[in-house]
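Take a look at the letters that make up each chain.
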Amino acid sequence: KILLYTVVAGVNPAACLPICLDVGTNNKKLLADPRYLGLRQPRLRGTAYEALIDEMFTALKAWQPHTMVQFEDFANVNAFWLLEKYRTRHCVFNDDIQGTASITLAAILAGLRITGSSLSE
């Protein structure tokens, strides 16, 4: 995504910080694989998961109070409540939810422009 932001939108790559939160896995095959590099514990859920996300946002806000956080590839079970919880306190964007909607709307508007039609039609 950093390439997309820098090449298409002109965002300075030095202003981007990719963060990967490893919250474990419930995949027993991965846990048994000696080459697996992820966190070797069952996936965090519930209050422990929420506390980790809260800690991340608290640390980000203390470090850089004006950041935009893009959630990428969060499961739907988490994506909606995360967006709802943090959208009034932080600049957040969920690519899986809002990105898809943005691209769909852009395609509709482009089609309307090409055909000379209006959205109300």
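The coordinates are above.
Here's what I pulled together on the structure shown here. In this text, all values refer to a predicted model and were calculated from it rather than measured experimentally.

Quick notes on the rules
Residues numbered from 1 in each chain as written. Predicted model: local features only at pLDDT ≥ 70, side-chain atom pairs only at ≥ 80, totals over all residues. Heavy atoms only, no water. Axes fitted to C-alpha atoms, helices over the stretch in contact; angles between N-to-C directions. Helix = DSSP H or I, 4+ residues; strand = E, 2+ residues; numbered from the N terminus. Parallel < 35°, antiparallel > 145°, perpendicular 65-115°, else oblique. Left-handed = near helix turned anticlockwise from the far one by under 90°. Contact = heavy atoms within 4.5 Å. Nonpolar A, V, L, I, M, F, W, Y, C, P; charged D, E, K, R; others polar. Phe/Tyr/Trp six-rings, centres within 6.5 Å; stacked < 30°, edge-to-face > 60°. Buried < 20%, exposed > 50% of the residue type's maximum accessible area, 1.4 Å probe, protein only.

### Focus on the packing of helix H3 (residues 46–63) against helix H4 (residues 76–86)
For step 1, the next point in the chain: Axis separation between H3 and H4 bottoms out at 12 Å; the angle between their running directions is 45°. As summarised for this structure, H3 and H4 are arranged oblique, according to the angle between their axes. Judged by the twist between their axes, the crossing of H3 over H4 is right-handed. Contacts from Tyr-49, Glu-50, Ile-53, Asp-54 and Phe-57 of H3 reach H4 at Asn-78, Trp-81, Leu-82, Lys-85 and Tyr-86.
For step 2, the next point in the chain: Across the contact of H3 with H4, the residue classes tally to six nonpolar, one polar and three charged.

### Section: the packing of aromatic side chains
For step 1, the next point in the chain: Summed over the entire model, instances satisfying the criterion amount to three aromatic pairs.
For step 2, the next point in the chain: Ring centres of Phe-57 and Phe-71 lie 6.1 Å apart, and the angle between their planes is 65°; this geometry places the pair in the edge-to-face category. Of this pair, Phe-57 sits in helix H3 while Phe-71 is found in strand S1 (residues 68–71), placing the two residues 14 residues apart along the sequence. In this pair, the class of Phe-57 matches that of Phe-71, namely buried.
For step 3, the next point in the chain: Plain terms: the ring middles of Phe-57 and Tyr-86 are 4.2 Å apart, the flat faces sit at 20° to each other, and that makes the pair stacked. Taken together, the positions of Phe-57 in helix H3 and Tyr-86 in helix H4 put the pair 29 residues apart, joining distant regions of the chain.
For step 4, the next point in the chain: Among the aromatic residues, ring-to-ring pairing joins Phe-57, Phe-71 and Tyr-86 into one connected group.

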